[in-house]
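Okay, here's what each chain looks like letter by letter:
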Amino acid sequence: MSLTPTPAERLNRARADLRAGLPVMMGGALVAAVETLTPARLADLRALGAPELAITLRRAETLKARAYDGDLARLALPSDAGLEWLCAMADPADDLRVPMKGPFRHIREGDATVHRAGIALAKSAHLLPACLVIAVAQDFADLTHLLPGDVPLGPQGLTEVVSARLPMQAAKAGRVHIFRPGDGGEEHYAVEIGQPDRAQPVLARLHSACFTGDVLGSLKCDCGPQLRAALGQMGVEGAGVLLYLNQEGRGIGLANKMRAYALQDQGFDTVEANHRLGFEDDERDFRLGAQILREMGFSAVRLLTNNPRKITMMQAQGIQVAERVPLHVGETQENRAYLATKAAKSGHLL
């Protein structure tokens, strides 16, 4: 029946529920994000049984917990553990002051499929990747129901909603295209300069949203200068397409990016901060960019990038990268260490 939500639509609804503090039903269990739990909901979950805490391997490494499931650790809640303890397990803000959170009782028996899917769901909702899982016999009909296999589904089919002419400082002949995924999630944008020939490799830039750099002119990164330099070069050449992907903070969201910045103030570099939060170095999915390029009729690009991972992803998705065009701008005294980390740990060609 067409009025029944698809798995992708249920997934988007589940993200919103977690962000609002509601648990979701998944594979015979309730899954709740630690970050948005309230004392009352935690008490209600405890009344149903014994909740298990799931954290990523990266967070487990920081806490010196053992990830017996490989990519995650499952921990039993101590009887006296309240919301403050749970939040300290999920959020590393106070780790240096209170480094010891254990001893832990690790859970090794049973299947971790739901726990793994719960973490992936929390990540996709831009929440801290830590969740409570509690097996339940009853069905909670009012909650969103998912199967573990629904998470993550990967990029949904992107559809162009509208485009309109937009004269810009970089080029008077500009046009902005708005693309929306099939699950109703975050929209992504394509800025087309001039009238690029679809039969030739187009000068292109995959640019991830950076509120602090693009809007506020942050000196901690080179994103704003890269954005403006890419548009400027397209304007000079008279043609190009800049894909503005809503993947803030390397895909972890603005709130978690600010948490990472706070950790950097404690002395950690970009990658170390992400790991302490429970994330990988880079959580972005550049397949979105390949989808938009194909939708716009492009099959080959001259890619403005210093990131070899973008080239690999484009080629894996059938977009030919005819040339890598370096983009070396925006170095400041404040971001030299950040750029050095990108080169040393993320392989950027700087």
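The rules behind these values
- Residues numbered from 1 in each chain as written.
- Predicted model: local features only at pLDDT ≥ 70, side-chain atom pairs only at ≥ 80, totals over all residues.
- Heavy atoms only, no water.
- UniProt positions renumbered as here; feature names shortened; annotations may be inferred.
- Buried < 20%, exposed > 50% of the residue type's maximum accessible area, 1.4 Å probe, protein only.
- Helix = DSSP H or I, 4+ residues; strand = E, 2+ residues; numbered from the N terminus.
- Pairing = 2+ DSSP bridges.
- Contact = heavy atoms within 4.5 Å.
- Axes fitted to C-alpha atoms, helices over the stretch in contact; angles between N-to-C directions.
- Parallel < 35°, antiparallel > 145°, perpendicular 65-115°, else oblique.
- Left-handed = near helix turned anticlockwise from the far one by under 90°.
- Nonpolar A, V, L, I, M, F, W, Y, C, P; charged D, E, K, R; others polar.
- Patch = residues over 30% accessible without salt bridge, like charges linked within 9 Å, V, L, I, M, F, W, Y side chains within 5 Å.
- Areas by Shrake-Rupley, 256 points an atom, 1.4 Å probe, with all protein chains shown as cover.
- Salt bridge = Lys/Arg side-chain N within 4 Å of Asp/Glu carboxyl O.

- As recorded by an unreviewed UniProt entry, the protein carries the name GTP cyclohydrolase-2 and is attributed to Neogemmobacter tilapiae.
- On record in UniProt, under Pathway (unreviewed entry), the comment for the protein is "Cofactor biosynthesis; riboflavin biosynthesis; 5-amino-6-(D-ribitylamino)uracil from GTP: step 1/4."
- According to its UniProt record, the protein has this under Sequence similarities (unreviewed entry): "Belongs to the GTP cyclohydrolase II family."

### Some thoughts on the pairing of strand S5 (residues 130-135)
Then step 1. For S5, a buried count of five out of six residues is recorded, marking the element as mostly surrounded by other parts of the structure.
Then step 2. Here four bridges tie strand S3 (residues 52-56) to S5, and the two strands are oriented antiparallel to one another. Following the sheet pairing, Ile55 is matched in S5 by Ala130.

### Section: the UniProt feature "binding site: Zn(2+)" (unreviewed entry) in the protein
Then step 1. In the UniProt entry, the feature "binding site: Zn(2+)" (unreviewed entry) is given for Cys210, Cys221 and Cys223.
Then step 2. With respect to the secondary-structure elements, Cys221 resides in the loop between helix H6 (211-215) and helix H7 (223-237).
Then step 3. Note on Cys221: relative accessible area 4%, which makes it buried.
Then step 4. Among the structural elements, Cys223 can be located in helix H7.
Then step 5. Each residue touching Cys223, except ones within four places of it in the same chain, is listed here: His207, Cys210 and Asp214.

### Observations concerning the packing of helix H9 (residues 254-264) against helix H10 (residues 270-277)
Then step 1. Here H9 crosses H10 at 120 degrees, and the two axes come no closer than 9 Å. As far as their axial angle goes, H10 and H9 are oblique. Of the two possible hands of crossing, H9 and H10 adopt the one that is right-handed. For the pair formed by H9 and H10, the contact residues are Asn256, Arg259, Ala260, Leu263 and Gln264 on the first element and Thr270, Ala273, Asn274, Arg276 and Leu277 on the second.
Then step 2. Of the residues contributing to the contact of H9 with H10, the split by class is four nonpolar, four polar and two charged.

### Quick notes on a nonpolar patch on the surface
Then step 1. Where nonpolar side chains cluster on the molecular surface, the patch consists of Phe211, Val215, Leu216, Leu254 and Met258 and spans about 450 Å² of accessible area.
Then step 2. Contributing elements (two or more residues each) for the nonpolar patch: H6 and H9.
Then step 3. With respect to the helices and strands, the residue Leu216 is situated in the loop between H6 and H7.

### Details of the sheet that holds strand S2 (residues 29-33)
Then step 1. Pairing is mixed in the open sheet, where six strands are placed in the order S4-S3-S5-S2-S1-S6. Looking at the sheet topology across the chains shown, the edges are occupied by strand S4 (72-76) and strand S6 (145-146).
Then step 2. Helix-sheet contacts for helix H4 (residues 83-90) involve S3, S4 and S5, and the interaxial angle to S3 is about 20 degrees.

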